[in-house]
Amino acid sequence: MSSERAPQSKRPLRSAKPVKAAAPVQLADSDGPLFDDLGLSEATLEAVRQAGYTQPTPVQAGLIPRAITGIDVLGQARTGTGKTASFVLPILEQMAKKPQGPAGVRALVLVPTRELAVQVRDEFEKLAQGSNVHCVAVYGGKPIKSQIDKLARHPQVVVGTPGRVLDHMSRGTLELRALEIITLDEADRMLDIGFRPDIEKILRHCPQSRQTLLLSATVPPPVARLATRYMRDPEILDFSSREIAVETIEQFYFTVDPTKKFELLQRLLEREQPQQAIVFCRTKRGTDKVYEKLARRSRRSRDADEVDVACIHGDLAQGLRDRVMKQFREGKVRLLVATDVVGRGIDVSGISHIVNYDVPEFCDDYVHRVGRTGRMGRDGVAYTFVTPEEGPQLTRIEVRIDKLLQRDEIDGFVAFDHRAEKSNATPGQTHATGEEPAKPKPAAKLLGKGRGAKRFRRAL
Ligand code: ADP
Ligand code: MG
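Residues numbered from 1 in each chain as written. Chains lettered and ligands numbered in written order. Predicted model: local features only at pLDDT ≥ 70, side-chain atom pairs only at ≥ 80, totals over all residues. Heavy atoms only, no water.

For the protein, the helix and strand inventory stands at 18 helices and 14 strands. For the protein, buried positions account for 55% of its 460 residues. For the protein, long-range pairs separated by at least 24 residues make up 76% of all intrachain contacts whose partners lie at least 6 apart in sequence. Roughly 20400 Å² of accessible area belongs to the protein as shown, and the carbon and sulfur atoms make up 51% of that amount. (Helix = DSSP H or I, 4+ residues; strand = E, 2+ residues; numbered from the N terminus. Buried < 20%, exposed > 50% of the residue type's maximum accessible area, 1.4 Å probe, protein only. Contact = heavy atoms within 4.5 Å. Areas by Shrake-Rupley, 256 points an atom, 1.4 Å probe, with all protein chains shown as cover.)

All of the buried residues along helix α8 (residues 196-205) are Asp198, Ile199, Glu200, Ile202 and Leu203. Elements that come into contact with the buried residues of α8 comprise β2 (107-110), α6 (162-171), β5 (181-184), α7 (187-192) and α9 (221-230).

Pro162, Arg164, Val165, Leu166, His168 and Met169 are the residues of α6 that are buried. Those residues of α6 hidden inside the fold are in contact with β2, β3 (135-138), α5 (144-152), β4 (157-160), α7 and α8.

Here we take up the sheet that holds strand β10 (residues 309-312). Here we have 7 strands laid out as an open sheet, ordered β10-β11-β9-β12-β13-β8-β14, and parallel in their pairing. Every other strand in the sheet has two partners, leaving β10 and β14 (406-407) as the edge strands with one partner each. Of the pairings in the sheet, the one linking strand β9 (residues 277-280) to strand β11 (residues 335-338) comprises 4 bridges and is parallel in character. Directly across from Val279, in β11, lies its bridge partner Val337. Helix α11 (residues 261-272) rests against β8 (249-255), β9, β11, β12 (353-356) and β13 (380-386) of the sheet, and its axis sits at about 160° to β13. (Pairing = 2+ DSSP bridges. Axes fitted to C-alpha atoms, helices over the stretch in contact; angles between N-to-C directions.)

Let us look at a positive patch on the surface. Together, Arg285, Lys289, Lys293, Arg296 and Arg299 make up a region of like positive charge exposed at the surface. By secondary structure assignment, the location of Arg296 is in helix α12 (residues 284-301). Take Arg296: its relative accessible area is 47%, and that puts it in the partly exposed class. (Patch = residues over 30% accessible without salt bridge, like charges linked within 9 Å, V, L, I, M, F, W, Y side chains within 5 Å. Salt bridge = Lys/Arg side-chain N within 4 Å of Asp/Glu carboxyl O. Lys, Arg positive; Asp, Glu negative; His and termini not counted. Charge placed at Lys NZ, Arg CZ, Asp CG, Glu CD.)

The next point concerns the site of ligand 1. Around ligand 1, the structure places 20 residues, and the nearest of them are Tyr53, Gln60, Gly80, Thr84 and Asp347. In the model, an oxygen atom of ligand 1 is placed 3.0 Å from a nitrogen or oxygen of the Thr81 main chain. In the complex, the protein chains occlude 89% of the 560 Å² of accessible area that ligand 1 would expose alone. Listed by contribution, the elements that provide at least two residues to the shell around ligand 1 are α3 (83-97) and α4 (114-127). Residues that form the shell around ligand 1 fall into these classes: 6 nonpolar, 8 polar and 6 charged. A domain-level breakdown of the shell around ligand 1 finds at least three residues from each of domain 1 (35-238) and domain 2 (249-459). (Near = heavy atom within 4 Å. Polar contact = N/O pair within 3.5 Å; in protein donor to acceptor, adjacent residues only side chain to side chain. Nonpolar A, V, L, I, M, F, W, Y, C, P; charged D, E, K, R; others polar. Domains from an automatic or database assignment.)

Glancing now at the nonpolar core. If you look at the biggest cluster of nonpolar residues, it comprises 42 residues, and the most contacted ones within it are Leu89, Ile91 and Phe124. If you list the elements that add at least two residues to this core, you get α1 (42-50), α2 (58-67), α3, β2, α4, β3, β4 and β6 (211-216). Counting residues per element, this core draws most heavily on α3, at 7 residues. Setting aside residues up to four positions removed in sequence, Ile91 forms contacts with Ala107, Val109, Phe124, Val157, Ile181 and Thr183. Residues Leu166, Leu176, Ala227 and Tyr230 belong to the second largest nonpolar core, which totals 30 residues. (Core = buried A, V, L, I, M, F, W, Y, C linked by side-chain atoms within 4.5 Å.)

This next bit is on the pairing of β3. Along β3, one buried face is formed by Cys135 and Ala137 and the opposite face, lined by Val136 and Val138, is buried too. Here 4 bridges tie β3 to β4, and the two strands are oriented parallel to one another. The residue bridging Cys135 from the neighbouring strand is Val157, located in β4. You can see the chain leave β3, run along α5 and come back into β4, and the turn it takes is right-handed. (Right-handed = clockwise from strand over helix to strand, strands pointing away.)

Moving on to the packing of α8 against α9. Interaxial distance between α8 and α9 falls to 12 Å at its minimum, and their mutual angle equals 15°. When the axis of α8 is compared with that of α9, the two are roughly parallel. Crossing of α8 over α9 shows right-handed handedness. Side by side, α8 and α9 meet where Arg196, Ile199, Glu200, Leu203 and Arg204 of the first sit next to Pro222, Arg225, Leu226, Arg229 and Tyr230 of the second. Grouping the amino acids of the contact of α8 with α9 by side-chain chemistry returns 5 nonpolar, no polar and 5 charged. (Parallel < 35°, antiparallel > 145°, perpendicular 65-115°, else oblique. Left-handed = near helix turned anticlockwise from the far one by under 90°.)

Turning our attention to the pairing of β2. Alternating positions in β2 separate into two faces, Ala107 and Val109 on one and Leu108 and Leu110 on the other, with burial throughout. Pairing of β2 with β4 involves 4 bridges; the strand directions are parallel. Bridge pairing in β4 links Ala107 to Val157.

Our next topic: the sheet that holds β6. Here we have 7 strands laid out as an open sheet, ordered β3-β4-β2-β5-β6-β1-β7, and parallel in their pairing. Taken across any chain shown, the strands that pair with only one partner, and hence form the sheet edges, are β3 and β7 (235-238). Sheet twist, expressed as the mean angle between neighbouring strand axes with direction ignored, is 15°. The pairing of strand β1 (residues 73-76) with β7 spans 4 bridges and is classified as parallel. Paired with Gln76 across the bridge in β7 is Asp238.

The structure is reproduced here in structure tokens:
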């Protein structure tokens, strides 16, 4: 168990703290490896310097030297640990080592969402400066015509979502015969959202001789099966145990009646004054609702059209999603209400707060959501709203991250309705709904023997 955090009253006020400039602190130790030690060529090292990276992250230090030898690598690490550059640099290295052969895409990166496709493409461009390597992003929701035009100019690298990649393959606008490296980024997520058949189809069209890199925050059996089937004797590098604790992020929970969640959100935002925040909801409909209420509140308190709240989920048109992400990145949008699918992987440095308006359905989603703040060792804080029925979910999350979330309360806020008052419960107490407190199930039952017994605590 990690050490106790300071009591809440001693916590520095987040809002008073300017977000640090891109100061990577969660790098390898100061006496740890340098980029110079990873076996990269001078040209690639120069690109790394130009990108402003001074030292590799542990994931990069571990993965890059192995990947540039040409072997298949499966890297497990949580989000925000610099996984992108750990496959982008080996790809660039390969491009620099061998001149372009017959025209055709030489490296393909598959990602689960459109937002990630854009983000990975941008990281490529950042690191490919000075080389003649071009990268094109292909993803659904955007007219296919302009992507076809871009592909016709023979980029060496393509990043895309599996569906759109397949679409281009079947039109003959994307040809994988010359492929040297395929990367599956966020493999666990791609399988979660049903991309397995598409991914397998793509993999079957890749040359046998290619190198396969697979990055994933978790390696559940479906990811392991994919690796066994389509990778050649992969080397497994697991950084997860060191990093799962999301150490730099303070994590709190509130207990709250479902009907009082929005009020709690308002009060929390007032108290915290976040620089930028993502509010995660479980469903698209829920996301819309929270967004509409926040936008109404925001409109009331400022100029009619100056609203700094936005929302993003899979049902919105791609153009709108791109615009929202751009505004969020530029800081014009301060509060972003999002679902997990699009929230995953978002890398915006100003995010000071994460609010889990709904407890995530899967524990891994918690790790991904919370990983949106505190990127690269910066400070961040995450709040999770938990209803009385959701105690076991909270416990599962705590076991997953090996850390207890700290209980928080807002002065003067009554988290439960009148029924709770009648039953004489104080906000957040176990029997706040007026019912008998649920008996905690034995931890061993929930989690398998011998784990987490001391962590299994109160029903809410
Ligand atoms: P992940 O894929 O593991 O979630 P990313 O690759 O998106 O993480 O990296 C998170 C952020 O850290 C990005 O903004 C990236 O530009 C930055 N970054 C990555 N590696 C380094 C480094 N060695 N030094 C400084 N910043 C880095
Ligand atoms: Mg990533």
